[in-house]
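# Notes for the structure review
This is what each chain is made of:
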Amino acid sequence: MVLVRFGVRIVILTAFASFGSVGFGRSMAALLAMSAILCAVVAAVRRESAFPRALNHWDEAVAYAALYFLVVGAGLSAPL
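Attention here is on the structure that accompanies the text. (Residues numbered from 1 in each chain as written. Predicted model: local features only at pLDDT ≥ 70, side-chain atom pairs only at ≥ 80, totals over all residues. Heavy atoms only, no water.)

The subject of this paragraph is helix H1 (residues 2-18). When the terminal C-alpha atoms of H1 are compared, their 24 Å separation across 17 residues agrees well with the 24 Å that a helix rising 1.5 Å per residue should span. Looking only at H1, the buried set comprises Val2, Ile10, Leu13 and Ala17. Mapping the buried residues of H1 onto a view down its axis gives an arc of 75 degrees, with all of them on the same face. Turned more than 90 degrees off the buried face of H1, the exposed positions are Val4 and Val11. The elements touched by buried residues of H1 are helix H2 (24-45) and helix H3 (57-73). (Helix = DSSP H or I, 4+ residues; strand = E, 2+ residues; numbered from the N terminus. Expected span 1.5 Å × (residues − 1). Buried < 20%, exposed > 50% of the residue type's maximum accessible area, 1.4 Å probe, protein only. Arc of directions from axis to C-beta. Contact = heavy atoms within 4.5 Å.)

So this is what it looks like as structure tokens:
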């Protein structure tokens, strides 16, 4: 379920970033950072454990953060 949700969100974020007026890299970095923060807040509100056997919002937040740092590290955007 988490992998499907993650995949759908990545497709949506990519679509929105492609129409961003500041460029794809900067738009994608901003959207990935906001997604990581949103997933961390949702995980905290739902009181999900950090290292369960099944994937949850914490894992999704880490994935978005990793993609954010990949975009920034590739030089597509400046850090926010």
